[in-house]
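Results of the structural survey
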Amino acid sequence: MKKFLLSLCVVAAAFMTACNQTAEAPAAKANNIETILKNLHDPKSNQVIVVCHRGDWRNYPENSIPAIESVIEMGADMVEIDIAMTKDSVLVLSHDRTLDRCTTGKGRISDMTYDSLQTFDLKSAHGGHFGYILKIPTLREALLVCKD
């Protein structure tokens, strides 16, 4: 299971590379993605690649949709996300295997259904409030942010 999730995380990170909301032509976007991935996998590359760990966690809850959207707007090359699986096999974004640190809930994500996770709110790293409530997103929701 851990190997599967790690592989899925790598695939998701590759998809997140495509998160670029500029007006570039599709061919230019594809070329940019190929260049980033080539440099990412080349240990001799001196290319700097900006990868945002858990999105813009300083301004939004980590691994949240607004955190991902914020780094896209900043022009980051990639966003690294963390994935966990619920009891009912829904892939959600979470760095931790428990809810305790990043949400108003407690317990292991793998012991809860997706619907039960939606009863908890995400917390920010700095205790900030945004004027709206954020919930744990699914991997699907995160990937849709990157859809052209």
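The structure displayed is predicted, hence computed values, not measured ones. (Residues numbered from 1 in each chain as written. Predicted model: local features only at pLDDT ≥ 70, side-chain atom pairs only at ≥ 80, totals over all residues. Heavy atoms only, no water.)

**What about the overall build of the protein chain?**
Per the secondary structure count, the protein chain includes five helices and four strands. Along the chain direction, N to C, the helices and strands of the protein chain fall in the order α-α-β-α-β-β-β-α-α. For the protein chain, the proportion of its 148 residues judged to be buried stands at 42%. The long-range share in the protein chain, meaning contacts at least 24 apart out of those at least 6 apart in sequence, stands at 54%. Here the protein chain displays about 8,800 Å² of accessible surface, and carbon together with sulfur accounts for 57% of that area. (Helix = DSSP H or I, 4+ residues; strand = E, 2+ residues; numbered from the N terminus. Buried < 20%, exposed > 50% of the residue type's maximum accessible area, 1.4 Å probe, protein only. Contact = heavy atoms within 4.5 Å. Areas by Shrake-Rupley, 256 points an atom, 1.4 Å probe, with all protein chains shown as cover.)

**With respect to the environment of Leu 93**
Topologically, Leu 93 is positioned in strand β4 (residues 91–93). In this structure, the C-alpha to C-alpha distance between Leu 93 and Ile 136, residues 43 residues apart in sequence, is 6.5 Å. For Leu 93, the contacting residues outside a window of four places in its chain are Asn 63, Ile 68, Ile 81, Asp 82, Ile 83, Ile 136, Pro 137, Thr 138, Leu 139 and Ala 142.

**A word on the side chain of Thr 86**
Summarising the element assignment, Thr 86 is placed in the loop between β3 (83–85) and β4. Taking the relative accessible area as the measure of exposure, Thr 86 reaches 3% and is therefore buried. Polar contacts involving the side chain of Thr 86 include one to the side chain of Asp 88, which spans 2.5 Å. A polar contact is formed between the side chain of Thr 86 and the backbone nitrogen of Val 90, at a distance of 2.9 Å. (Polar contact = N/O pair within 3.5 Å; in protein donor to acceptor, adjacent residues only side chain to side chain.)

**Structural notes on the environment of Asp 121**
Along the chain, the position of Asp 121 falls in the loop between α4 (114–117) and α5 (139–145). Judged by relative accessible area, which is 23%, Asp 121 ranks as partly exposed. Remark: the alpha-carbon pair of Asp 121 and Thr 103, spanning 18 residues in sequence, is separated by 5.4 Å. Ignoring anything within four residues of it in the chain, the contact list for Asp 121 reads Cys 102, Thr 103, Thr 104, Ile 133, Leu 134 and Lys 135. Engagement of the side chain of Asp 121 in a polar contact is seen with the side chain of Lys 135, the distance being 2.6 Å.

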